[in-house]
Amino acid sequence: MKVLVPVKRVIDYNVKPRVKMDGTGVDLANVKMSMNPFDEIAVEEAIRLKEKGVATEIIAVSIGVQKAQETLRTALAMGADRAILVLTEDDAEPLAVAKILKGIVDEEQPGLVILGKQAIDDDSNQTGQMLAALLGRPQGTFASKVEVAGDTVTVTREVDGGLETVALKTPAIVTTDLRLNEPRYASLPNIMKAKSKPLANKTPADYGVDTAPRLKTLKVEEPAKRQAGVKVADVDELIGKLKVLGVVA
Amino acid sequence: MDSETFDLLRNTVRRFVEERLIPAEDQVEQDDAVPEAIVSEMREMGLFGLSVPEEYGGLGLSMAEEAGIIREITRASVSFRSVIGTTVGIGSQGIVIDGTEAQKREWLPRLAAGEVIASFALTEPEAGSDAGSLRTTAVLEGDRYRINGTKRYITNAPRATMFTLMARTDQGVKGSGGISAFIVPADTPGISLGAPDRKMGQRGAKTCDVIFDDVMIPAENIIGGTPGLGFKTAMKVLDRGRIHIAAVSLGMCDRLIEMSLRYAMERRQFGSPIADFQLVQGMLADCKVDQLTTEALMNATAARFDAGEKVSLDCSALKYYASEAVGRIADRAVQIHGGAGYMAEYKVERFYRDVRLLRIYEGTSQIQQTIIAKAMLRAAASA
């Protein structure tokens, strides 16, 4: 079974993002970029499926600027077999990404698509679901456990009320939650070897997709700064203050 | 190596340092040991193979690249570096540079994989930088050598599976000419270890005496196969080792400066962060100047080393300058931290003790000065 793992290049999770002076977006100039952590979990899960003998080939795909190639190299170093870079300068929105992924799925016919439930830059949490809808295939989102037996994928999902288990027929789409696994560090020899693994270059036009943005961003601003709190001596004073603020009657 | 691949290597190591090594530092200090789980992770990551050529299963990094990786690793406690240090250094390099093809095939892949951990046994109770006074003997009996002697302060001896041992094979030759370098498996009968040394710092880095009592080693275990060339082999490896120590110094500089900046910006006195005070700013600026000068000298020296130039004098100058510079930086870092810097709960206290060794091992500052001056005088005399 082939496994397709879409990975996104995003601002590194350790970096404190800064909003551009003109409020049009986050300043990415000279900012460290890495693989979306949820996608890293997806790559790890695919590798574990391969190690169990379930997956036969892992294809990593990224849609974005030329530098997204580095993200694909990371996936290859971790253990993906080959990669596809779909080059676009547009800030591709979830629907455009899902359409491109559909094109790749049609070509590659993977038994499983595993991707992060969301990317930490825009937190859209849409691509996996949209892809499932476009393909007309089952989806198991927010996975904390994935088991494959024959043509059935059993996914344990983290939902508000607890854990939900769903069974999907392959081909299926799985999106990963944080607790699914702990991704490995790519070993240094494997990073060197990743250079020689195949990486195909494509464009959205190859899949007949137009990535021009459909959404218009009006303004991006920093979250409001937290105000300093007030110390109270006891519960009575606390309730008094809350009453003044109109929070309790 | 192309810069994209190297960036990926370096970022991976940086992340490993941030997520695994730095959080384990206090435990290393407390237990006086690097946890086995971390040694395994370092092995899986391929860190033991930094300097082994790719054809023998290593990464085959250039000196500049090795220095870049070591600088990242030593942002965490320098004790982690010591786990791989002897293997990346002379343990593999003696064989890489002067070993026979059979020795390379037998040892390098296992060294690169971290299956074999090497330790370098040169220093003795009566001999350190003065190799001429080396007392450990290797006497040929048929096709084997009988080795007797004691080695001192041997880093990684407790976890070594192999020693690169320097012993006198020709009793008739005074000085360094009668010395040979042997590959000695650590499980050879007759080898015993002394009690672990109790040190000022670098807790978790293991050193002890190694005693060789009638240890029988096949003659073919001499590195390169020819007796009497051991010291020449060691000398070839030393240049590389000195650049490596400069990289260690720089990694520690980086961390000390990070810690000092953070503390100076957070700690408030007289109503403002101490970073606002010009006397504190002076110390911060001096740290930066020391860091930048060390970096410039290291980059230049490593580039010339990689280009195949003869840089022994430069390597000595670099090791001397870098280790003294990080000593100054550690001293200022403690000063910036004030009373807190003297307390064990702040990491600068540990760094202050740890950096002290850098001016001593791999040739003291005074030995480096001597090497530099002698090279200058030789050049002037022949001009």
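The rules we used
- Residues numbered from 1 in each chain as written.
- Chains lettered and ligands numbered in written order.
- Predicted model: local features only at pLDDT ≥ 70, side-chain atom pairs only at ≥ 80, totals over all residues.
- Heavy atoms only, no water.
- Helix = DSSP H or I, 4+ residues; strand = E, 2+ residues; numbered from the N terminus.
- Buried < 20%, exposed > 50% of the residue type's maximum accessible area, 1.4 Å probe, protein only.
- Contact = heavy atoms within 4.5 Å.
- Areas by Shrake-Rupley, 256 points an atom, 1.4 Å probe, with all protein chains shown as cover.
- Lys, Arg positive; Asp, Glu negative; His and termini not counted.
- Charge placed at Lys NZ, Arg CZ, Asp CG, Glu CD.
- Polar contact = N/O pair within 3.5 Å; in protein donor to acceptor, adjacent residues only side chain to side chain.
- Phe/Tyr/Trp six-rings, centres within 6.5 Å; stacked < 30°, edge-to-face > 60°.
- Salt bridge = Lys/Arg side-chain N within 4 Å of Asp/Glu carboxyl O.
- Pairing = 2+ DSSP bridges.
- Expected span 1.5 Å × (residues − 1).
- Buried area = accessible area lost by both parts, 1.4 Å probe.
- Axes fitted to C-alpha atoms, helices over the stretch in contact; angles between N-to-C directions.
- Parallel < 35°, antiparallel > 145°, perpendicular 65-115°, else oblique.
- Left-handed = near helix turned anticlockwise from the far one by under 90°.
- Nonpolar A, V, L, I, M, F, W, Y, C, P; charged D, E, K, R; others polar.
- Domains from an automatic or database assignment.

## Some thoughts on the overall build of chain A
(1) Moving on: Summing up its helical and strand segments, chain A has 6 helices and 11 strands in all.
(2) Moving on: Expressed along its principal axes, the backbone C-alpha trace of chain A runs to roughly 65 × 45 × 40 Å.
(3) Moving on: Here chain A holds 249 residues, and the buried ones make up 43% of them.
(4) Moving on: Sequence separation of 24 or more characterises 70% of the internal contacts of chain A that already satisfy a separation of 6 or more.
(5) Moving on: Carbon and sulfur atoms form 52% of the exposed surface of chain A, whose accessible area is close to 13400 Å².
(6) Moving on: If you average the places of the 34 positive and of the 35 negative side-chain charges in chain A, the two averages end up 2 Å apart.

## Digging into the environment of Thr-141 of chain A
Residues and elements named next belong to chain A.
(1) Moving on: Along the polypeptide, Thr-141 turns up in strand β7 (residues 139-149).
(2) Moving on: Taking C-alpha positions, Thr-141 is 6.6 Å from Thr-176, a pair spaced 35 residues apart along the chain.
(3) Moving on: Sequence-distant contacts of Thr-141, defined by excluding residues within four places in its chain, comprise Gln-129, Arg-157 and Thr-175.
(4) Moving on: There is a polar contact of 2.7 Å between the side chain of Thr-141 and the side chain of Arg-157.

## Concerning the packing of aromatic side chains
Residue and element names in this part refer to chain B.
(1) Moving on: Considering all chains together, one arrives at 5 aromatic pairs over all chains under this definition.
(2) Moving on: Consider the rings of Phe-163 and Phe-212, whose centres lie 6.0 Å apart with planes at 80°: the pair is edge-to-face. Here Phe-212 lies in strand β7 (residues 207-218) and Phe-163 lies in strand β4 (residues 162-168), a separation of 49 residues in the sequence.
(3) Moving on: Residue classification places Phe-163 among the buried positions, given a relative accessible area of 1%.

## Brief notes about the pattern of salt bridges
(1) Moving on: Under the definition given, this model contains 49 salt bridges over all chains.
(2) Moving on: Among the ionic pairs, Asp-106 of chain A bridges to Lys-102 of chain A, the shortest N-O distance being 3.0 Å. Highlighted residues: Asp-106 of chain A and Lys-102 of chain A, both in helix α3 (residues 94-108), separated by 4 residues, approximately one helical turn.
(3) Moving on: Residue classification places Lys-102 of chain A among the partly exposed residues on the basis of a relative accessible area of 27%.
(4) Moving on: Salt-bridge contacts for Arg-146 of chain B lead to Asp-214 of chain B; the nearest nitrogen and oxygen are separated by 3.3 Å. Of this pair, Arg-146 of chain B sits in strand β3 (residues 144-155) while Asp-214 of chain B sits in strand β7, placing them 68 residues apart in sequence.
(5) Moving on: Under the relative-accessibility criterion, Asp-214 of chain B is labelled partly exposed at 38%.

## A short note on the pairing of strand β10 (residues 172-176) of chain A
All names here are of chain A.
(1) Moving on: With 5 of 5 residues buried, β10 lies mostly within the body of the structure.
(2) Moving on: Burial of β10 is two-sided: the residues Ala-172, Val-174 and Thr-176 facing one way and the residues Ile-173 and Thr-175 facing the other way are all buried.
(3) Moving on: Sheet topology places strand β6 (residues 112-116) next to β10; 5 bridges connect them, and they run parallel. By the bridge assignment, Gly-116 is partnered in β10 with Thr-176.
(4) Moving on: Pairing between β7 and β10: 3 bridges, direction parallel. Paired with Gln-139 across the strands is Ile-173, a residue of β10.

## Examining helix α8 (residues 312-337) of chain B
(1) Moving on: Taking 1.5 Å per residue as the helical rise, α8 of chain B with its 26 residues ought to reach 38 Å, and the 37 Å between its terminal C-alpha atoms agrees with that figure.
(2) Moving on: Looking at the residues trailing α8 of chain B, positive phi occurs at Gly-338 of chain B, about 60°.

## Some remarks on the side chain of Ser-180 of chain B
(1) Moving on: Checked against the element boundaries, Ser-180 of chain B lands in strand β5 (residues 179-185).
(2) Moving on: Once residues within four sequence positions are removed from consideration, Ser-180 of chain B is found in contact with Leu-165, Met-166, Ala-167, Thr-169, Ile-222, Pro-227, Gly-228 and Gly-230 of chain B.

## Description of the interface of chain A and chain B
(1) Moving on: On the chain B side, the residues contacting the 15 residues of chain A number 20 residues.
(2) Moving on: Regarding the contact of chain A and chain B, the summed buried area is about 1700 Å², with carbon and sulfur atoms giving 66% of it.
(3) Moving on: Of all residues in chain A, Tyr-185, Leu-188 and Met-192 of chain A give up the largest surface area on contact with chain B, accounting jointly for 44% of the area buried on that side.
(4) Moving on: Here chain A is connected to chain B by 2 salt bridges.

## A few points about the packing of helix α7 (residues 278-306) of chain B against α8 of chain B
Residues and elements named next belong to chain B.
(1) Moving on: Packing of α7 against α8 leaves a shortest axis separation of 9 Å and a crossing angle of 160°. Of the possible angle classes, the one that applies to α7 and α8 is roughly antiparallel. At the point where α7 passes α8, the crossing takes the left-handed sense.
(2) Moving on: Its residues assigned to classes, the contact of α7 with α8 comprises 14 nonpolar, 5 polar and 6 charged.

## With respect to the sheet that holds strand β8 (residues 152-159) of chain A
Residues and elements named next belong to chain A.
(1) Moving on: Sheet architecture is open: 9 strands sit in the order β9-β8-β7-β10-β6-β1-β4-β5-β11, paired in mixed fashion. This sheet does not close on itself; its edge strands, each paired only once, are β9 (162-169) and β11 (199-202). Mean inter-strand twist for the sheet, computed between neighbouring axes without regard to direction, equals 30°.
(2) Moving on: For β7 and β8, the ladder comprises 6 bridges, and the chain directions are antiparallel. Across the sheet, residue Ala-143 finds its bridge partner in β8, namely Arg-157.
(3) Moving on: Across the sheet, helix α2 (residues 68-78) is in contact with β4 (57-64), β5 (82-87) and β11; its angle to β5 comes to roughly 165°.
(4) Moving on: Along the sheet, helix α4 (residues 127-135) makes contact with β6, β7 and β10, crossing β10 at roughly 175°.

## Overview of the domain arrangement of chain B
Residues and elements named next belong to chain B.
(1) Moving on: According to the domain assignment, chain B contains domain 1 (3-112), domain 2 (118-226) and domain 3 (232-382).
(2) Moving on: In this structure, domain 2 and domain 3 have C-alpha centres spaced 30 Å apart.
(3) Moving on: Interface of domain 2 and domain 3: buried area, both sides summed, is about 670 Å²; carbon and sulfur atoms make up 64% of it.
(4) Moving on: Broken down residue by residue, the surface that domain 2 buries against domain 3 is led by Ser-129, Met-200 and Gln-202, which jointly contribute 64%.
(5) Moving on: Joining domain 2 to domain 3, the criterion identifies 0 salt bridges.
(6) Moving on: The residue makeup of the side of domain 2 that touches domain 3, split by class, is 3 nonpolar, 3 polar and 1 charged.

## Side note on the pairing of β5 of chain B
Residue and element names in this part refer to chain B.
(1) Moving on: For β5, a buried count of 6 out of 7 residues is recorded, marking the element as mostly surrounded by other parts of the structure.
(2) Moving on: The sheet contact formed by β4 and β5 spans 7 bridges and is antiparallel. Bridging across to β5, Leu-165 finds its partner in Phe-182.

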